[in-house]
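Structural overview
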Amino acid sequence: MATRTFAEYMNRVQLLVKGLEGREENLPAGITKQQVADLAKLNAKAGTENAEQEKLKALLKEKTAQLDATTDEMIKTYTLLKKYIKLSVPQELWREFGIEDKK
């Protein structure tokens, strides 16, 4: 059996709360008004936290794109400088710059 998604649970909980709130004094056995109120609060809190999480995901994607651009630029500059070192410095001294290449 497939697990329900977050959205499905949010919808089901909302429907359950509305249905129970509509019964007011005629709640099913074992269910109290406090439990219904608690479930409604948890549902609202989950919705708020989900919205915050989605915002953070968007910020993370933006920051990842920035990091990728910086990393690309860094690698291009590193590669260029490494070429200049290999052209102008004797191979025996390449290790001074962290270059382990054989050629």
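Structure: see above.
Here goes a summary of the coordinates provided. Bear in mind that the values here come from a model prediction, so they are computed numbers and not experimental data.

The next point concerns the overall build of the protein chain. Per the secondary structure count, the protein chain includes two helices and zero strands. A compact globule built from 103 residues would reach a C-alpha radius of gyration of about 13 Å, whereas the protein chain, at 30 Å, exceeds it by more than 25%. Over its C-alpha atoms, taken along the principal directions, the protein chain stretches across nearly 90 × 25 × 20 Å. Here the protein chain holds 103 residues, and 12% of them are scored as buried. Summed over all atoms, the accessible surface of the protein chain reaches about 9000 Å², with 59% contributed by carbon and sulfur. Charge centroids of the protein chain, computed over 18 positive and 16 negative side chains, lie 4 Å from each other.

Another point: the pattern of salt bridges. In total, this model carries six salt bridges according to the counting rule given. A salt bridge links E100 to R95, with the shortest nitrogen-to-oxygen separation between them at 3.0 Å. You'll find E100 and R95 in the same group, each marked exposed.

This part takes up the packing of helix α1 (residues 6–23) against helix α2 (residues 33–88). Interhelical geometry of α1 versus α2 gives an angle of 150° and a closest axis separation of 10 Å. Taken together, the axes of α1 and α2 are roughly antiparallel relative to one another. Two packed elements cross with a definite hand, and for α1 against α2 that hand is left-handed. Contacts between α1 and α2 involve F6, M10, V13, Q14, L16, V17, L20 and E21 on the former and, on the latter, V36, L39, A40, N43, A46, G47 and N50. When the residues that make up the contact of α1 with α2 are grouped by side-chain class, the tally is ten nonpolar, four polar and one charged.

The end-to-end C-alpha separation of α2 is 81 Å, in line with the 82 Å expected for 56 residues at 1.5 Å each. Among the structural elements, α1 are those in contact with the buried residues of α2.

Together, L80, L81, Y84 and L87 line one region of the surface with nonpolar side chains, adding up to about 460 Å² of accessible area. Looking at the secondary structure, you find L87 in helix α2.

Cut-offs used in this document
Residues numbered from 1 in each chain as written. Predicted model: local features only at pLDDT ≥ 70, side-chain atom pairs only at ≥ 80, totals over all residues. Heavy atoms only, no water. Helix = DSSP H or I, 4+ residues; strand = E, 2+ residues; numbered from the N terminus. Rg over C-alpha atoms; globule rule 2.2 N^0.38 Å. Buried < 20%, exposed > 50% of the residue type's maximum accessible area, 1.4 Å probe, protein only. Areas by Shrake-Rupley, 256 points an atom, 1.4 Å probe, with all protein chains shown as cover. Lys, Arg positive; Asp, Glu negative; His and termini not counted. Charge placed at Lys NZ, Arg CZ, Asp CG, Glu CD. Salt bridge = Lys/Arg side-chain N within 4 Å of Asp/Glu carboxyl O. Axes fitted to C-alpha atoms, helices over the stretch in contact; angles between N-to-C directions. Parallel < 35°, antiparallel > 145°, perpendicular 65-115°, else oblique. Left-handed = near helix turned anticlockwise from the far one by under 90°. Contact = heavy atoms within 4.5 Å. Nonpolar A, V, L, I, M, F, W, Y, C, P; charged D, E, K, R; others polar. Expected span 1.5 Å × (residues − 1). Patch = residues over 30% accessible without salt bridge, like charges linked within 9 Å, V, L, I, M, F, W, Y side chains within 5 Å.

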